[in-house]
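Fold and geometry: a report
Here's the letter readout for the chains.
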Amino acid sequence: MKGSTALVIGIHWGAVLVYIVASIMVITGQIFEKEKIAKRGFLLTIPGLLLHGTGLVIWWNMVGHGPYIDRFEVLSSNAWILLLVFILFTIPFPRLKTVGIVVLPATFTMVALALFFNPEIKTLPPTFRSIWLVLHIIFYKISFSAIIIAMTFSVFYILINRNRLQRLSRKLPSLPGIDTYAYRFAGFGFTFWAIGMLAGSIWAYQSWGSFWNWDPVQTWSLVTWAFFGIYLHLRRFFGWQGEKASWLFVICFILTLVSLFLTPLFESSIHAEYFK
């Protein structure tokens, strides 16, 4: 087992190095308008994603369950899905590639941070053996990926509107276009967050006989989802846009981080088991 764990760690560090090189190339290419360098950087993310995915599959085979118990597993799988979602969205929407200057560093940061938590093989509790738990986690991870992209566009809007990132802005849509991308990805994240909560409630009923226990994770997840709903409602029916809407989304993003990464650490939470 030790040899296999060392192999997984080595594969993950290899993926981190690939992601770092790709990030440097993409950021350099985007900021200094070196299209060939940026394109090669994006192409380099593919072998990095495959290498990273291989490490996750080997680990999955070793521990006998999906990557959602240990902090190493959670962060690593979050990073993998983030990059996968980003790459898939850049196919129909090529202008999204500019968001790579945030997505790629976020990816290698999460993987590197995961490795510092010292991967441990943990037995899956009986209550965690449910397809609804798998769906619950997958939908949240997809939602988190969309939220990061929306957050990036929101920050881009704030900076460009204040005459920053002018060189980079030439590769992006107009300010209204950036604002629209932020809005649409926020809606995408909001929808998958809701589906994730629903799947989690069904899993909770199967495991503990109750759809809702007002657990800290459940409560903060509901609060975060409500804030996203307020954001979308204000934009749709009250005409909020521009910096005002962007700053509101920054608040929503902070709540997302609290909900996904801080509340599971509360010992009073029934979710604490998977993030110890």
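Bear in mind the structure is a predicted one, so any value in this text is a computation, not a measurement.

Okay, the overall build of the protein next. For the protein, the count of helices and strands is nine helices and zero strands. Helices (α) and strands (β) of the protein occur, in sequence order from the N terminus, as α-α-α-α-α-α-α-α-α. Taken along the three principal axes of its C-alpha coordinates, the protein extends 55 × 50 × 30 Å. Counting every atom, the protein has about 13000 Å² of accessible surface; 69% of that belongs to carbon and sulfur. Taking the average location of the 21 positive side-chain charges in the protein and that of its 10 negative ones, the two points are 12 Å from each other.

This part is about the packing of helix H8 (residues 216-238) against helix H9 (residues 242-262). For the pair H8 and H9, interaxial distance at closest approach is 9 Å and the crossing angle is 165°. It follows from the interaxial angle that H8 and H9 lie roughly antiparallel. Along this stretch, H8 crosses H9, giving a crossing that reads as left-handed. Between H8 and H9, the contacting residues are Val217, Trp220, Ser221, Thr224, Phe227, Phe228, Tyr231, Leu234 and Arg235 on the first element and Ala245, Leu248, Phe249, Ile251, Cys252, Leu255, Thr256, Val258 and Ser259 on the second. Here the contact of H8 with H9 is built from residues that sort into 13 nonpolar, four polar and one charged.

All right, on to the pattern of salt bridges then. In total, this model carries two salt bridges according to the counting rule given. Here Arg162 makes a salt bridge to Glu243, at a shortest N to O gap of 3.1 Å. Placement of the pair is Arg162 in the loop between helix H5 (131-161) and helix H6 (166-169) and Glu243 in helix H9, with a sequence separation of 81 residues. On the basis of relative accessibility, which here comes to 47%, the residue Arg162 falls in the partly exposed class.

An ideal rise of 1.5 Å per residue puts 33 Å on 23 residues; H8 measures up with 31 Å between its terminal C-alpha atoms. Residues Pro216, Val217, Gln218, Ser221, Thr224, Phe228, Tyr231, Leu232, Leu234 and Arg235 constitute the buried set of H8. The elements touched by buried residues of H8 are H5, helix H7 (175-208) and H9. Directly after H8, the chain includes Gly239, whose backbone phi takes a positive value near 70°.

It is worth spelling out the layout of surface pockets at this point. Reported here for the largest pocket is a volume of approximately 290 Å³. If you go around the largest pocket, you meet 16 residues; those closest to its centre are Trp60, Pro67, Ser77, Ile81 and Ile138. The set of elements that each furnish at least two residues to the lining of the largest pocket consists of helix H2 (35-63), helix H3 (71-90) and H5. Here the residues of the lining of the largest pocket are counted per class, giving ten nonpolar, five polar and one charged. Approximately 210 Å³ is the volume found for the second largest pocket. Residue contributions to the lining of the second largest pocket peak at four residues, all from H2. Tallied by class, residues from the lining of the second largest pocket come to three nonpolar, two polar and five charged.

Rules and cut-offs
Residues numbered from 1 in each chain as written. Predicted model: local features only at pLDDT ≥ 70, side-chain atom pairs only at ≥ 80, totals over all residues. Heavy atoms only, no water. Helix = DSSP H or I, 4+ residues; strand = E, 2+ residues; numbered from the N terminus. Areas by Shrake-Rupley, 256 points an atom, 1.4 Å probe, with all protein chains shown as cover. Lys, Arg positive; Asp, Glu negative; His and termini not counted. Charge placed at Lys NZ, Arg CZ, Asp CG, Glu CD. Axes fitted to C-alpha atoms, helices over the stretch in contact; angles between N-to-C directions. Parallel < 35°, antiparallel > 145°, perpendicular 65-115°, else oblique. Left-handed = near helix turned anticlockwise from the far one by under 90°. Contact = heavy atoms within 4.5 Å. Nonpolar A, V, L, I, M, F, W, Y, C, P; charged D, E, K, R; others polar. Salt bridge = Lys/Arg side-chain N within 4 Å of Asp/Glu carboxyl O. Buried < 20%, exposed > 50% of the residue type's maximum accessible area, 1.4 Å probe, protein only. Expected span 1.5 Å × (residues − 1). 1 Å grid on protein atoms, 1.4 Å probe; cavity = no way out; pocket = protein on both sides within 12 Å on 5 of 7 lines; lining within 4 Å. Points joined across faces, edges and corners; volume = space filled by probe spheres on them.

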